[in-house]
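Summary of structural features
Here are the chains, one letter per residue:
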Amino acid sequence: MRRLLYVHVLVCCLGMAHPFCPSQCTCVFHGRTDGTGSRSVLCNDPDMSDVPVNVPVDTVKLRIEKTMVRRIPTEAFYYLVDLRYLWITYNSVSSVDTASFYNLKVLHELRLDGNMISVFPWESLKEMPRLKTLDLHNNRITHVPNEAIPYLLNITYLDLSSNKLTTLPSDLMDIWPPFSGAPISTNVSQKVVLGLQDNPWFCDCKISKLIELSKMSGALVVLMDRLLSCSGPENLAGVPFQRAELDNCVKPSVMTSATKITSHLGSNVLLRCDATGFPTPILYWTKSDGSLVNNTVQESPGEGVRWSIMSLHGMLHKDAGNYSCKAKNVAGNAEAAISISIAGAISTTILPPRPSIETEPTSQSTTFTPTTDTPTSPIAASTALPRTSTAVVPKKTKTTTISTSLQKGPLKQAKTQQGGNGRKLAADEKSKKSDASQSVKDLKVVEETADTAVLLWTADGLPNDAPLTVVYSPDDEDDIKGTLETNAGRGKVLLEGLSSGMRYSVCLVATGSAAGKDPCIDFYTLDNVEDGGQSTFFMIISGIACALVVCLIALLVYKILALFCKGQSTASDEEELEKDSYVKFETISMKQRTLNSHPTELWARRATNESEQMLLCSRSSIDSQMTYKNDSFHSEYLC
């Protein structure tokens, strides 16, 4: 019986391991000759109103098409870690949660076209770092915010056609060449495809880059339909992008006061740049590494004009490099660079050795040599300090103003050597005493089982490689002891081979410690009763399973016997049916007409023996005809 139960449990486990397919979907496994494959799921039941939650976990492609699904809930696909293609097309989706696409780390293609989405959660794209295709055409999207731009950097196919867009962020086009400044490549695999047709575009400076892109040929960004047209303002309504000319929309241009400057070390520098454009551009300065420069001032004296001044104080060598003045408005970007170099150098001179009373020390002097045309600069001034014979441990610091000389006195080194051995012996002895007095703290036992335990401790000042000995034995049995060698840095050790249900005493002995000061602790191992509990539990489950199997077998036998008895009773049922097909009834007929003008009874009963076997209401039978006929009465049969 137990073997039968094992087989039953195994079959159930295999059935659970086999991936289920949702009842309203179709699952197809595309196998390969090497034994691998991928699974795709198609859900296109018109009555489906919710996203299925029991899709096989190995699904690679999921399509939910032409259903009544209205929203995509939070974490709807978090368990589909292998999903690469997700198509939710031509449904009734109007709501998409920010976390709807959580944990789709390998998703490559997301298509939500043909729905009723008016607001798309662009921040949800951060959950799909490998997404390349985003199809949102034929929805009701009205705008794309600036916050969406960082999430579209890796997208190579973006379809926003057939929506209600009137404008786009001016910075959106800056993520792709030629507006990003990256070199234009002819590699087809690096091209970006944009679908922006069939939108009511309002042609102004905000989409001037898109209008410029529609006039380019051979650009890295390819438009699905280049015949875009304006819906507003009135003077441009119906005008194609390629022929649209925008008024009061001028790219910025930048001009600097100089392109290359050489400055002395420690001096102050002021840099200026001017920019023109419409709308009035904004200006900002950056270093060669791209970091912003904060100490700037800018002003706009009039519409379309702006200037900016950057100040640098106390120039150092690290301040040398290229500085860029950048101008930006919705029509485009521009920049101009200024190169700054620093005049001045640092020289290092090694002085000749000078004889001394007991030693021959050498000294090294580091001096700063300024340029000859800036002798009075307070930053460039050099000060010489008197020499000193005191031994100094120099710190590694940077300076450009002070010259120092360091001498190492061998006299002090000799004194150190003379007393070195004595101090070393004293230090060793002190270390031994310290080690002997130091102890182990926080000794405790965790994770006790029937035959193992884990001992934890904290070393109080002991070196990590200090040897320790773990001594453990059952309580009141000192002759049975176990030992383990370890070190203080480990912090824990596993005790194995213990007896279940016993009390143990364990001590941690440090080398050189005083007798009687070793930390000890007592603990109990668990009783070995878990196996018995598991066996009892297994027997209960086995009994329940056997009872269910017996009930199922009894039910099956009952059904078989019922079917067999039903077949035997068919013949007798037919005989009974024949008997019940005939009924006993009587017929009545008219009496002979008499001279009585007030007859009391016009009908007379006939004997029933003539119609004992006649069918009910059978007008075709000859025996059912009326026996009495009269010229004034028609023959009838009443039943």
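Residues numbered from 1 in each chain as written. Predicted model: local features only at pLDDT ≥ 70, side-chain atom pairs only at ≥ 80, totals over all residues. Heavy atoms only, no water.

Considering the overall build of the chain
Defined as follows: Helix and strand definitions follow DSSP, with helices as H or I runs of at least four residues and strands as E runs of at least two, each counted in order from the N terminus. Residue burial is assigned from relative accessible area. The probe radius is 1.4 Å, only protein chains are included, and a residue is buried under 20% of its type maximum, exposed over 50%, and partly exposed in between. The contact rule is simple, with two residues in contact once any of their heavy atoms fall within 4.5 Å. To measure how exposed things are, a 1.4 Å probe is used in the Shrake-Rupley method; for residues, cover is taken only from the protein chains shown.
Across its full length, the chain holds four helices and 35 strands. Across the 639 residues in the chain, those meeting the buried criterion constitute 32%. Taking contacts inside the chain between residues at least 6 apart in sequence as the whole, the part at least 24 apart equals 56%. Split by element, the accessible area of the chain, about 40400 Å² in all, is 55% carbon and sulfur.

With respect to the sheet that holds strand E29 (residues 467-474)
Cut-off, in case you're wondering: DSSP calls a pair of strands paired once it identifies at least 2 bridges connecting them. All axes here are fitted lines through C-alpha atoms, helices being fitted over the stretch that makes contact, and every angle between N-to-C directions spans 0 to 180 degrees.
Within the open sheet, the four strands sit side by side as E30-E29-E32-E33. Their pairing is antiparallel. Edge strands, defined here as strands with exactly one partner in the open sheet, are strand E30 (482-487) and strand E33 (520-524). Neighbour to neighbour, the strand axes of the sheet diverge by 25 degrees on average, direction disregarded.

What about the pattern of salt bridges?
As a reminder of what qualifies: Here a salt bridge means any side-chain nitrogen of Lys or Arg lying within 4 Å of a carboxyl oxygen belonging to Asp or Glu.
Considering all chains together, one arrives at eleven salt bridges under this definition. The salt bridge partner of Glu109 is Arg111, with a shortest N-O separation of 2.6 Å. The pair formed by Glu109 and Arg111 is uniform in burial state, with each residue classed as buried. Glu212 is paired through a salt bridge with Lys251; the nearest N and O atoms lie 3.2 Å apart. Taken together, the positions of Glu212 in helix H2 (residues 208-214) and Lys251 in strand E14 (residues 250-256) put the pair 39 residues apart, joining distant regions of the chain. A residue is classified by how much of its surface remains accessible, and Glu212, at 25% relative accessible area, is partly exposed. Through salt bridges with shared partners, a single ionic network connects Glu109, Arg111 and Asp135.

Some details on the side chain of Ser208
Secondary-structure assignment places Ser208 in helix H2. A relative accessible area of 10% means that Ser208 is categorised as buried. Residue contacts for Ser208: discarding those within four places in its chain leaves Leu246, Cys249, Val330 and Ala331.

Considering the state of the cysteines
The following threshold applies: Any cysteine sulfur atom paired with another within 2.5 Å is treated as part of a disulfide.
Within the structure shown, the criterion is met by six disulfides. The disulfide bridge from Cys25 ends at Cys43, spanning 1.9 Å between sulfur atoms. The sign of the S-S torsion, about 105 degrees, decides the handedness of the disulfide formed by Cys25 and Cys43: right-handed. With a gap of 18 residues between them, Cys25 in the loop between helix H1 (2-17) and strand E1 (26-31) and Cys43 in strand E2 (residues 37-43) connect regions that are remote in the sequence. You can call Cys25 buried: its relative accessible area is 10%. Exposure remark for Cys43: the relative accessible area of 0% places this residue in the buried category. Covalent S-S linkage joins Cys203 and Cys230, the inter-sulfur distance amounting to 1.9 Å. Its torsion about the S-S bond being -100 degrees, the disulfide of Cys203 and Cys230 is classed as left-handed. Separated by 27 residues along the polypeptide, Cys203 in the loop between strand E11 (201-202) and H2 and Cys230 in strand E13 (residues 230-232) bring together distant segments of the chain. Listing the disulfide partners of the chain by sequence rank of the bonded cysteines yields 1-3, 2-4, 5-7, 6-8, 9-10, 11-12.

A word on the nonpolar core
Short version of the rule: For this analysis, a nonpolar core means a set of buried residues of the types Ala, Val, Leu, Ile, Met, Phe, Trp, Tyr and Cys, connected via side-chain atoms within 4.5 Å.
Within the largest apolar cluster, 64 residues are counted, with the highest numbers of intra-cluster contacts made by Phe77, Leu86, Phe101, Trp122 and Leu134. For this core, the element with the most residues is H2, which contributes three residues. Those residues in contact with Leu86 that sit more than four places away from it in its chain are Leu62, Phe77, Phe101, Leu104, Leu107, Glu109, Leu110 and Arg111. Among the nonpolar cores identified, the runner-up in size contains 20 residues, and Val440, Leu455, Tyr472 and Tyr504 belong to it.

Structural notes on a nonpolar patch on the surface
As a reminder of what qualifies: Patch membership requires over 30% relative accessible area and the absence of a salt bridge. Like charges are linked within 9 Å, and nonpolar side chains (Val, Leu, Ile, Met, Phe, Trp, Tyr) within 5 Å.
A surface patch of nonpolar side chains, about 510 Å² in accessible area, is lined by Phe537, Ile540, Ile541, Ile544 and Leu548. Among the secondary structure elements, Phe537 is positioned in helix H4 (residues 530-580).

Concerning the side chain of Thr486
Counting through the fold element by element, Thr486 comes out in strand E30. Looking at Thr486, the relative accessible area reads 9%, which means it is buried. Residues in contact with Thr486, not counting those within four places in the same chain, are Trp457, Ala466, Pro467, Leu468 and Val470.

Brief notes about the pairing of strand E32 (residues 503-510)
In terms of strand pairing, E29 meets E32 through seven bridges, oriented antiparallel. Bridged to Pro474 within E32 is Tyr504. Pairing of E32 with E33, which is carried by five bridges, proceeds in the antiparallel orientation. Within E33, the position partnered with Ser505 by the bridge is Asp522.

Things to note about unusual backbone geometry
Here the residue pair Gly232 and Pro233 is connected by a cis peptide bond, since its omega of -5 degrees sits within 30 degrees of zero. Inspection of the secondary structure puts Pro233 in the loop between E13 and E14. Each neighbour pair has its own omega, and for Phe278 with Pro279 the value is -5 degrees, a cis peptide bond. With respect to the helices and strands, Pro279 occurs in the loop between strand E16 (269-278) and strand E17 (282-286). We note that Glu75 has phi near 50 degrees; this positive angle belongs to a residue other than glycine. One non-glycine residue with positive phi stands out, namely Asp198, at about 60 degrees. Here Asp198 shows up in the loop between strand E10 (192-195) and E11. Residue class for Asp198 comes out exposed when judged on its relative accessible area of 58%.

Focus on the confidence of the model for the chain
Interpretation of this model should avoid reading the predicted coordinates in detail wherever pLDDT is low. Quick note on the threshold: Confidence of the predictor at the level of single residues is given by pLDDT, which spans 0 to 100.
For the chain, mean pLDDT is 75; residues scoring 70 or higher make up 66% of the total. Contacts of residues 355-437 to residues separated by more than four positions or lying in other chains number 81 contacts, the stretch itself having pLDDT below 50. Counting interchain partners and residues more than four positions distant, the pLDDT-below-50 stretch residues 611-639 has 39 contacts.

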